[in-house]
Structures are given as C-alpha cells and as structure tokens.
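Structure at a glance
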Amino acid sequence: MTGAFLTFEGIDGCGKSTQLRLIASQLRLRGLEAIATREPGGTALGTRLRAALLDAEESVDPLAELLIFAADRAQHVKTLVRPALESGHIVLSDRYADATIAYQGAGRGFPAELVAQVVELATGGLKPDLTLVFDLSVAECLARTRRRRTDTGSLGDRLESEDAAFHMRVRDAYLELAQREPERVRIIDASGSVDETHVHVTEVVTEFLEKNTGARSQEPE
Ligand code: TYD
C-alpha cells in the first residue's frame, strides 16, 4: 500500500483534534499504520517554534508569524511527513498548508500569491490527498474554546484570542478552498456530538482509502 496524507482543518474550537485522535485509533485497530502529527509542533524543532508562535504573551510580527509557520512546516515535511509517506504510512496531520492560506492569507491579509509561494517553498509541492474541514459557526467555536479554557484553566493561545471577524475570514477561506478543490477538500459538519461527527469522518475516510489505496476496512470485532 502506498501512503496517504490526510489533513484536518477548521477554525479554533471546531473539534478537529478530537476527531483526528478517534479516527487514528480506529485505523490502527483496522491494522493500518496511521501516524498522527500536527502543525505547528510535529517535530522537536516544531515544538519549540509552536511555543513561541502561540504564546499569548508574545508579540509576533505578522511576517515573522508567516515565516515561522513555514519553517515549522519545512522541518515537518522533510523529517516526518515525506519519510512516513514513502514507507507507506497513513499520515494524519492536525493542520497543514491550508491553515496558512486561511489564517495568514485571509485572516492576516497577506496576498494569496505570496502565501502560495511561501507554502510551495516550505512543502516542496507536497499536497494532502484528502483534507477534512470541520465546519461550525464562529459563535459556537468561540463558545467551545471559552468552555475549554474554563475547564482546563488555560489562557488560550495567541491566535485563538483574535476577534470574531478574524475567525469569520478564516472560516470563509476554508469554505472557499472546499469549493475550489471539491475532490480534495471535504466539509464535515461539526455541529453535532463527537460521536455523530466521528461517524461522518469514518465514512469519508473509509471511502477515500478504499478508492485511493485499496486499503480494506476490517472493522474491529
Ligand atoms: P491548533 O493546533 O489547532 O491549536 P490547538 O490544538 O491548541 O487548538 O492550532 C494552533 C493555532 O495555529 C491555530 O490558532 C491556527 C494557527 N495556525 C496558523 O495561523 N497558521 C498555520 O499555518 C498553522 C499550521 C496554524
């Protein structure tokens, strides 16, 4: 089986990280070699870059932000994603290049062509085979992140703290990507329960794997 590269996207609080964990363990139960990773922070260097990028107390210039996300991605692609794909693994990444198009492009306002060039440089042209965009209203996402902060006592990260208008631009950018590339980018309605959304994710991922890698689903007993 050749590898497959699946990315999970959406605005903060959409629930993509929970869904990634669930589908990753389900794929492993089916005997598939699934690697779960994330951006920023999928590598040792990335962990340090993530801390700097998301620190709510840090003031980061927008251009520096764009380039640090790109540096994290370059390291991630070279040292983890490509080697894993070459050895036939299914790589599931919590965010990838579409996040830069949405957050730094639409959110921060960098021109689309510049963002595309930076993405191309960092990824060497590696595109996901399938991208799931978890879609939910900005109001509901903000309510979820607020609840999470109260439950965990965390301050939230620097990008989460942007205003609703920023998150609306990010959401619109993801929806536009899905319209532009309907084969690769699939919208998942994230307004239901964790279990309901998981059922939907399982359908989309299973269909994709059957079509594209010949992976047979062996449901756990
Ligand atoms: P995320 O991993 O979703 O944070 P958490 O799992 O803690 O909710 O993403 C971290 C933040 O980084 C998120 O607000 C989006 C932002 N981000 C960008 O702005 N550009 C990028 O290219 C990437 C990968 C993330």
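Scroll up for the structure.
In what follows, the accompanying structure is described. Small disclaimer: the values here were computed from a predicted structure and weren't measured.

As a further point, take the packing of aromatic side chains. By convention here, two paired aromatic rings are described through the distance between centres and the angle between planes. Using the criterion set out here, one finds three aromatic pairs in the structure. Here the aromatic rings of Phe-5 and Tyr-96 are separated by 4.8 Å at their centres, their planes lie at 75 degrees, and the arrangement is edge-to-face. Of this pair, Phe-5 sits in strand β1 (residues 4-9) while Tyr-96 is found in the loop between β3 (90-94) and α4 (97-107), placing the two residues 91 residues apart along the sequence. Between Tyr-103 and Phe-166, the ring centres sit 6.0 Å apart and the planes meet at 55 degrees, which makes this aromatic pair tilted. Here Tyr-103 is found in helix α4, whereas its partner Phe-166 is found in helix α7 (residues 164-180), with 63 residues between them in sequence.

The subject of this paragraph is the nonpolar core. In terms of nonpolar packing, the biggest core is built from 41 residues, with Leu-27, Leu-92, Tyr-103, Leu-132 and Val-205 touching the most fellow members. In this structure Leu-132 touches Thr-7, Phe-8, Glu-9, Arg-186, Ile-188, Val-201, Val-204 and Val-205, once residues within four positions along its chain are discounted. Phe-5, Ala-97, Val-115 and Val-119 belong to the second-largest nonpolar core, a separate cluster that totals 16 residues.

Further remarks concern the state of the cysteines. Under the criterion given, the structure shown has zero disulfides. The closest cysteine sulfur to the non-disulfide-bonded Cys-14 is located on Cys-141, 5.8 Å from its own sulfur. What makes Cys-14 buried here is its relative accessible area of 3%.

What follows is about unusual backbone geometry. With an omega of -10 degrees, the peptide bond running from Glu-39 to Pro-40 counts as cis. A positive phi angle is found at Arg-95, which is not glycine, with a value near 80 degrees. Inspection of the secondary structure puts Arg-95 in the loop between β3 and α4. The buried category is assigned to Arg-95, whose relative accessible area is 10%.

Around the ligand lies a shell of 17 residues, among which Asp-12, Lys-16, Arg-95, Thr-100 and Gln-104 are the nearest. For the ligand, an oxygen atom lies 3.2 Å from a polar atom in the side chain of Arg-50. One of the side-chain N or O atoms of Arg-73 is found 2.9 Å from an oxygen atom in the ligand. With the chains in place, 93% of the 560 Å² that the ligand exposes on its own is no longer accessible. For the shell around the ligand, the elements supplying multiple residues, two or more each, are α1 (16-29), α2 (44-54), α3 (62-86) and α4.

Attention now goes to the pattern of salt bridges. Under the counting rule described, the total for this entry stands at 17 salt bridges. Linking Glu-39 and Arg-73 is a salt bridge whose minimum nitrogen-to-oxygen distance equals 2.6 Å. Here Glu-39 is found in the loop between β2 (34-38) and α2, whereas its partner Arg-73 is found in helix α3, with 34 residues between them in sequence. Take Glu-39: its relative accessible area is 4%, and that puts it in the buried class. Note that Glu-176 is salt-bridged to Arg-180, the shortest N-O span being 3.6 Å.

What counts and what doesn't
Residues numbered from 1 in each chain as written. Predicted model: local features only at pLDDT ≥ 70, side-chain atom pairs only at ≥ 80, totals over all residues. Heavy atoms only, no water. Phe/Tyr/Trp six-rings, centres within 6.5 Å; stacked < 30°, edge-to-face > 60°. Helix = DSSP H or I, 4+ residues; strand = E, 2+ residues; numbered from the N terminus. Core = buried A, V, L, I, M, F, W, Y, C linked by side-chain atoms within 4.5 Å. Buried < 20%, exposed > 50% of the residue type's maximum accessible area, 1.4 Å probe, protein only. Contact = heavy atoms within 4.5 Å. Disulfide = S-S within 2.5 Å. Near = heavy atom within 4 Å. Polar contact = N/O pair within 3.5 Å; in protein donor to acceptor, adjacent residues only side chain to side chain. Areas by Shrake-Rupley, 256 points an atom, 1.4 Å probe, with all protein chains shown as cover. Salt bridge = Lys/Arg side-chain N within 4 Å of Asp/Glu carboxyl O.

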